[in-house]
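What follows is each chain in one-letter form.
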Amino acid sequence: NTRLFIQWGYGIAKGMEYLSSMKIMHGDLAARNILISNLDSENYLAKITDFGLSKDFYEKTSYLKQDRRNVPWKWMDVDFLETSIFTMSSDVWSFGVVFWEMLSIGRTPYAGGNANDTIKKIKAGFRLPPPDEISQFQWLVEHYKEVTQMCWHPKPKQRSSFSNLVQTFETYLTSEEK
């Protein structure tokens, strides 16, 4: 059911909107850190988990990561890959990758590529294209493009907020789905 992907994306964006409003950066937003609970036979709820890398930004606007070993680079924003600095918009970038993961039915982003070569391509402007799994749903391909364009701007200050992402998802949902 393609509607579930929109509902889950909306739920994740709402959860991240709340974290952002509290000035908390998750730092490891990825599909592996999203749980889906079954409320009943037709309703499922996406829940954000694993706050082990989260940081509070109450009195600061960025965080310099001291140790760059073993970072989940496939979900890290292009600015972090260049500077080792997280900002509140770093999670917005990661959300775009999570949306790709969901629509690809759980494939690994940037699969098969060498890390250094793939990072160079991302820095040069490469972005994950719409997954093949949704190619027959033109409305979903367009929604994917709209969301990821909001998420993957190379300049952190020009990326969307989670509030704007929530509004974008709401345009695709019925009142009951919200």
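Before going into details, it helps to say that this report is about the structure given with it.

Cut-offs used in this document
- Residues numbered from 1 in each chain as written.
- Predicted model: local features only at pLDDT ≥ 70, side-chain atom pairs only at ≥ 80, totals over all residues.
- Heavy atoms only, no water.
- Helix = DSSP H or I, 4+ residues; strand = E, 2+ residues; numbered from the N terminus.
- Expected span 1.5 Å × (residues − 1).
- Buried < 20%, exposed > 50% of the residue type's maximum accessible area, 1.4 Å probe, protein only.
- Core = buried A, V, L, I, M, F, W, Y, C linked by side-chain atoms within 4.5 Å.
- Contact = heavy atoms within 4.5 Å.
- 1 Å grid on protein atoms, 1.4 Å probe; cavity = no way out; pocket = protein on both sides within 12 Å on 5 of 7 lines; lining within 4 Å.
- Points joined across faces, edges and corners; volume = space filled by probe spheres on them.
- Nonpolar A, V, L, I, M, F, W, Y, C, P; charged D, E, K, R; others polar.
- Axes fitted to C-alpha atoms, helices over the stretch in contact; angles between N-to-C directions.
- Parallel < 35°, antiparallel > 145°, perpendicular 65-115°, else oblique.
- Left-handed = near helix turned anticlockwise from the far one by under 90°.
- Phe/Tyr/Trp six-rings, centres within 6.5 Å; stacked < 30°, edge-to-face > 60°.
- Lys NZ or Arg CZ within 6 Å of the ring centre and 35° of its normal.
- Pairing = 2+ DSSP bridges.

A word on helix α3 (residues 90–103). Along an α-helix, residues three or four positions apart point the same way, because every turn accommodates 3.6 residues. End to end, α3 covers 21 Å across 14 residues, agreeing with the expected 20 Å (1.5 Å per residue, within 8%). The buried count for α3 comes to 14 of 14 residues, which makes it a mostly enclosed element. Within two residues after α3, I105 carries a phi angle of roughly 60°, on the positive side.

What follows covers the nonpolar core. For soluble globular proteins, nonpolar side chains are generally found buried alongside one another. In terms of nonpolar packing, the biggest core is built from 48 residues, with I12, L29, F95, F99, Y144 and L165 touching the most fellow members. Secondary-structure elements contributing two or more residues to this core are α1 (2–21), β3 (44–48), α2 (78–83), α3, α4 (115–123), α5 (138–151) and α6 (162–170). Setting aside residues no more than four positions away along its own chain, L29 makes contact with I12, M16, I34, I48, W75, D91, S94, F95 and V98.

Attention shifts here to the layout of surface pockets. What the largest pocket holds in volume is close to 280 Å³. Along the wall of the largest pocket there are 16 residues; nearest its centre are Q7, G11, Y44, L45 and E177. When residues of the lining of the largest pocket are assigned to their parent elements, the largest contribution, six residues, is made by α1. Among the residues making up the lining of the largest pocket, the classes are represented as seven nonpolar, four polar and five charged.

Attention now moves to the packing of α1 against α6. The N-to-C vectors of α1 and α6 enclose an angle of 155°; their axes lie 8 Å apart at closest approach. Considered as vectors, α1 and α6 are oriented roughly antiparallel to each other. The way α1 lies across α6 gives a crossing that is left-handed. Here α1 contributes I6, G9, Y10, A13, K14, M16, E17 and S20 to the contact with α6, which in turn contributes F162, S163, L165, V166, F169 and E170. Partitioning the contact of α1 with α6 into residue classes produces eight nonpolar, three polar and three charged.

What follows concerns the environment of A31. Tracing the chain through its elements places A31 in the loop between β1 (24–25) and β2 (34–38). Other than its neighbours up to four places away in sequence, A31 contacts W75, V98 and E101.

Here the structure, examined in full by the defined rule, presents 13 aromatic pairs. Judged by centre distance (6.4 Å) and plane angle (80°), the rings of Y144 and W152 are edge-to-face. W152 carries the same exposure label as Y144, and that label is buried. Its end group placed over the ring of W75, R32 keeps NZ or CZ at 4.4 Å from the ring centre. Over the aromatic face of F126 sits the side chain of K121, whose NZ or CZ is 4.6 Å from the ring centroid.

A word on unusual backbone geometry. It is generally the case that most residues other than glycine have a negative phi and that most peptide bonds are trans. Residues other than glycine seldom take positive phi values, yet K23 does so here, at roughly 60°. On the secondary structure map, K23 appears in the loop between α1 and β1. A positive phi angle, near 60°, is found at I105, a position not held by glycine. With respect to the helices and strands, I105 occurs in the loop between α3 and α4.

Further remarks concern the pairing of β2. Sheet topology places β2 next to β3; five bridges connect them, and they run antiparallel. Paired with I34 across the two strands is I48, which belongs to β3. Where β2 folds back onto β3 in an antiparallel hairpin, the turn is made up of five residues.

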